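A closer look at the structure
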Amino acid sequence: IPPSLVVNPKHSMEKRWIDFFQLRIFNWFPEAMLGKDWRPDCPHCGNSLANNGLSNTPRLIFDQTENYWLNAPNKYFCRPCNTAEKTKPKKERKQTNFQSTSDEIMRQIGETNPKLIDLFPCYLGKKNAIDKKLMDIILHGAVKGVGSYAMAETLVSWHQLQWQKKENMWARHIIKKINQPSVTQQPIRRSSIQKCP
């Protein structure tokens, strides 16, 4: 396998190595998919939840050949419950803030549009998240007697194979640019090419 190549940042090109190696993103915006008038209801009092910003950080989702990002930035909160819960001791307070991927919100999305929930690609845990198709493969392997260590080793090899394919794509791109530079591009010097980190 040819070594992966990266052009030195000092050298300008229309594509950079990061374009070949960045992870894909799945965007989850329930309001955009269900309509701007849709608002989830508070599971405690039934009032419509208010928007609480778009600051929820993306989550890394484990997948079969390469991981991806789940971008679900929508956050909601219940104003009446928030005011009422502030008077209670911390241990007795109910949840008043919700993410667009929380169980309560996802249940309401499923009731509004069941097909939309089918589009959601992963299972979310408190610490980790896994793609639904990968989970099916793991469960099928467990039923057939494939142990967790063997499955983990298989996943590592699938990820490495995908990375090597991207390395080869980048190497072919660089070789093409060296052999056939465009009119606007400065010639690429072989000394400016480094291995991919």
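Just so you know, these numbers come straight off a predicted model, no measurement behind them. (Residues numbered from 1 in each chain as written. Predicted model: local features only at pLDDT ≥ 70, side-chain atom pairs only at ≥ 80, totals over all residues. Heavy atoms only, no water.)

The end-to-end C-alpha distance of helix 6 (residues 132–143), which contains twelve residues, comes to 17 Å, matching closely the 16 Å that a straight helix rising 1.5 Å per residue would cover. Backbone nitrogen of K133 and a side-chain oxygen of the N-cap are separated by 3.0 Å at the start of helix 6; the cap is D131. Just beyond helix 6, the residue with positive phi is G145, at close to 95 degrees. (Helix = DSSP H or I, 4+ residues; strand = E, 2+ residues; numbered from the N terminus. Expected span 1.5 Å × (residues − 1). Polar contact = N/O pair within 3.5 Å; in protein donor to acceptor, adjacent residues only side chain to side chain.)

On to the layout of surface pockets, then. If you add up the space inside the largest pocket, you get close to 420 Å³. Along the walls of the largest pocket sit 18 residues, with R59, T101, S102, D103 and L124 positioned nearest its centre. Broken down by secondary-structure element, the contributors of at least two residues to the lining of the largest pocket are strand 7 (97–99), helix 4 (103–112) and strand 8 (122–124). (1 Å grid on protein atoms, 1.4 Å probe; cavity = no way out; pocket = protein on both sides within 12 Å on 5 of 7 lines; lining within 4 Å. Points joined across faces, edges and corners; volume = space filled by probe spheres on them.)

Where helix 6 meets helix 7 (residues 148–179), the closest approach of the two axes is 11 Å, and the angle between their N-to-C directions is 140 degrees. What the angle tells us is that helix 6 and helix 7 run oblique. For the element pair helix 6 and helix 7, the recorded crossing hand is right-handed. Residue-level inspection shows L134, I137, I138 and G141 of helix 6 in contact with helix 7, the latter providing M151, L155 and W158. For the contact of helix 6 with helix 7, the residue count by class is six nonpolar, one polar and no charged. (Axes fitted to C-alpha atoms, helices over the stretch in contact; angles between N-to-C directions. Parallel < 35°, antiparallel > 145°, perpendicular 65-115°, else oblique. Left-handed = near helix turned anticlockwise from the far one by under 90°. Contact = heavy atoms within 4.5 Å. Nonpolar A, V, L, I, M, F, W, Y, C, P; charged D, E, K, R; others polar.)

Counting residues in each nonpolar core, the largest one holds 19 residues, and the members touching the most others are W28, L49, L70, I105 and I109. Elements with a minimum of two residues in this core: strand 5 (68–71) and helix 4. It is helix 4 that provides the largest number of residues to this core, a total of three residues. In this structure, I109 is in contact with W28, P30, L34, W38, S100, P114, L116 and I117, ignoring residues within four places of it in sequence. Counting seven residues, the second largest nonpolar core, distinct from the first, contains W170, I178, I188 and I193. (Core = buried A, V, L, I, M, F, W, Y, C linked by side-chain atoms within 4.5 Å. Buried < 20%, exposed > 50% of the residue type's maximum accessible area, 1.4 Å probe, protein only.)

Its place among the elements puts S102 in the loop between strand 7 and helix 4. Within the structure, S102 has its side chain in polar contact with the backbone oxygen of Q99 (distance 2.9 Å).

So far we have only geometry, and geometry alone does not tell us how the molecule works.
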